[in-house]
Amino acid sequence: MVMLKRRGLGLTKAFLVLVGISALFGVAVGTRRGNGSLDQRSHRHRHSGHLSLHRHRQRGGKEGQVLHRSKRGWVWNQFFVIEEYTGPDPVLVGRLHSDVDTGTGNIKYILSGEGAGTIFVIDDKTGNIHATKTLDREEQAQYTLTAQAVDRHTNKPLEPPSEFIVKVQDINDNPPEFLHGPYYARVPEMSNVYTSVIQVTATDADDPTYGNSARLVYSILQGQPYFSVESQTGIIRTALPNMDREARQEYNVVIQAKDMGGHMGGLSGTTEVKITLTDVNDNPPKFPLTVYQMSVSEDKVPGEEVGRLMAKDPDLGENGQVNYRFVDGDGMGVFELSTDSETKEAIIKLKKHVDYENKRLYTLKVEGSNPHIDPRFLAWGPYKDEATIKISVEDADEPPVFMAPSYTFEVEENAPAGTVVGRVHAKDTDVAVNPIRYMIPQYTDIERFFSINSEDGLITTAKPLDRETQAWHNISVSATEIGGHHQDTKVRVNIRVKDVNDNPPELANNNNEVFMCESAIPGKSIQTISAVDKDEMGHRQHFTFSLAPEVAHNHNFSIKDNRDSTASVVVLRKGFSRLTQDIYHLPIEINDNGLPAMSSTNTLTIRVCSCDTKNTILSCNVEPYVLPAGLSTGALIAILACIVILLAIVVLFVALRRQKKEPLIVFEEEDIRENIITYDDEGGGEEDTEAFDIATLQNPDGANGFLPRKDMKPEFQYPMRPGSGRPAANSVDVDDFIKTRIAEADSDPTAPPYDSIQIYGYEGRGSLAGSLSSLESVTTESDLDYDYLQSWGPRFKKLADLYGAKDCYANDGDGGEDC
């Protein structure tokens, strides 16, 4: 038992806390007295505590004798509740007690603070504090509460309020988690053993300051023997030397984190680490062959490719980069060497023309080496290799060669057919000097705008050209040897069509319509217009604007040329009204002053709009501002006729809707029970269905013209008429029996639609009348007597005739029938 001593206002007040026995360690906590002894106390609940509120006062056991309390030296004002408790009863947290509490029930204990009344409840008489809900330490680790003892009747405090803490004691209910997994790491190949790769970290939501619930130990589940992990830090290190990327590049490592210090019963979590070996320059380049054979035709031009070779290097990036160079040979001035940036191959190209008649074989020696060498692996070198290239020259019939790589000519548009465009020229480089024939391939000049002289290469126009349709024509000219192997070559010919002023100017697309306000001020410019021309504009060429001659003297608008290829539309008067006229058409003449000059007349549409005081356009549509003062007689008649037609349609619609509803009166033809009763009727045949008028049973009041409503339910039960009981069991007058049932149904408003069921419920097993069915007679051989049907009345006459007469059978002896 722990004692907290406070002094104030001349009175010494003490607050005593008894901490419950820990469920985890099983330690008994008692009271430390002045002499150092420990007073042990037992508790019914292992997690309970005892908080006592005391007054330091003098009490006399005898007259003149004063008793003093022992001095307490320390205090622990905390309660503990284990989290995630799922027992059937509330957990007893502790107990409040005041020394003024004599057990008479006059003391009332009050609890306030965090969770008071919801999570923690107190018995105001005994002071017992219970936890009513399961607590989670990861949500809230402790709760601060205030206890006080007051008089139950006056609510006056008997002790000052005392604050204490209820701590939620942790249990191992959260597994470790790798919040940043999965991990990706890289480590150079050929790294030394124990090289650090990456550190993985797991977190545990349990209390790290209490027990081993959050003490994590790391281990490797997958990835041995290549990697290892430090159990305390989670650092992954290499475990094998000389791991080669070229043999294996990626490793999947699984790391486990287990709490409780790795002991049995702890929770665990795993994460995956993908480790990639990065490349180092540990492999020299190597040519697959020592000697390469290549050939080149003498008709090849400089820059053309002769052949390729490549030194293999399994390293990546700059570690696998190989530089090539010629180191010896007689063809170093005739051939050149370059490297393909994508395939990393050495490309041998022709640097100068070769002549089969002068030299037929060239020898070169090429070297491939790594430009980036890792000093750690110099002993594994040298990081270079050499190969020999032998290039043979082949004889060829060379095609004609044009004097220029391409040609560019100009011709004016609209030039007549046959106008000269230019000339191309090619020659044969062979010794025979064969003549050349020229032609224009049709796929390069589909519309046949040009033609060429096949002998001298003179190009002329075949039809007039239009620059505005196509400003450039790109064609090809083919030159072919006449004789030999008919070698041919092609050259690109670009023909530019020179412009001629043959198109008049026009208003720009966005200048065809102008909007103006009704309140436009005379002399004000309402729009600036511009023009476009399909022809090319010269350096000094510009557009001029003027009104067409037919509207030159109008009094509404004028055109002011701004001398910068634009013009302004100016209002000449005021008083425009869109109700009077909302659209004006203004013909404008535009001139381009070219050679020759071209002009055109374009119509500008001016639309009058209504604007506000800030000249913001509100509407440009014609609206009827003034309504007629009255309506004519014909208009009124038409309006009334429309109203009448609408009302008639509404009435017809309502009537149709009502007809679709279920009728309230029960009509005889709609009662489906008539068919059901007819089919269930037992008798001698089809004619027997007419023996009894079943409609009387269905609706007995129908004959009197009274049809009961199906939607009406009687409010009270009619009393049964005297003498309407069931006939005697031995009665054989079925006609009277049925009439009695009909009378009962007529006098009972609740009988329909169950009257027919009551009637036919009479017939069945145990009935004195028995069954009328003829089915049973088929299965039995007994001779039944149906003579009693004759006494049932006229309604059963047909049935009596059918079953009352004896069957006749054929007499084999005399050939006649005996009955």
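In the annotation of an unreviewed UniProt entry, the protein is listed under the name Cadherin domain-containing protein and assigned to Takifugu bimaculatus. For the protein, the Function (unreviewed entry) comment in UniProt is given as "Cadherins are calcium-dependent cell adhesion proteins."

Our next topic: the side chain of Asp279. By the secondary structure assignment, Asp279 is in the loop between strand S19 (268-278) and strand S20 (291-297). Among the polar contacts made by the side chain of Asp279, one reaches the side chain of Arg245 at a distance of 3.0 Å. Only 2.9 Å separates the side chain of Asp279 from the backbone nitrogen of Leu316, close enough to count as a polar contact. Excluding residues that lie within four positions of it along the chain, Asp279 makes contacts with Glu189, Arg245, Glu246, Asp315, Leu316 and Asn319.

Let us look at the pattern of salt bridges. Throughout the structure, instances matching the rule amount to 21 salt bridges. Taking the shortest distance from any N to any O, the salt bridge between Lys274 and Glu250 comes out at 3.6 Å. Here the residue Lys274 occupies a position in strand S19, and Glu250 occupies one in strand S18 (residues 250-258), the gap between them amounting to 24 residues. You can call Lys274 partly exposed: its relative accessible area is 29%. Given the relative accessible area of 41%, Glu250 is considered partly exposed. Residues Glu305 and Arg308 are paired through a salt bridge, measuring 3.0 Å at the closest nitrogen-oxygen approach. Note on Glu305: relative accessible area 42%, which makes it partly exposed.

Below, the discussion takes up the environment of Lys125. Along the chain, Lys125 turns up in the loop between strand S9 (120-122) and strand S10 (128-131). Owing to a relative accessible area of 56%, Lys125 belongs among the exposed residues under this scheme. Apart from the residues lying within four places of it in its own chain, the contact partners of Lys125 are Asp101, Ile107, Tyr109 and Arg152.

How each quantity is defined
Residues numbered from 1 in each chain as written. Predicted model: local features only at pLDDT ≥ 70, side-chain atom pairs only at ≥ 80, totals over all residues. Heavy atoms only, no water. UniProt positions renumbered as here; feature names shortened; annotations may be inferred. Helix = DSSP H or I, 4+ residues; strand = E, 2+ residues; numbered from the N terminus. Polar contact = N/O pair within 3.5 Å; in protein donor to acceptor, adjacent residues only side chain to side chain. Contact = heavy atoms within 4.5 Å. Salt bridge = Lys/Arg side-chain N within 4 Å of Asp/Glu carboxyl O. Buried < 20%, exposed > 50% of the residue type's maximum accessible area, 1.4 Å probe, protein only.

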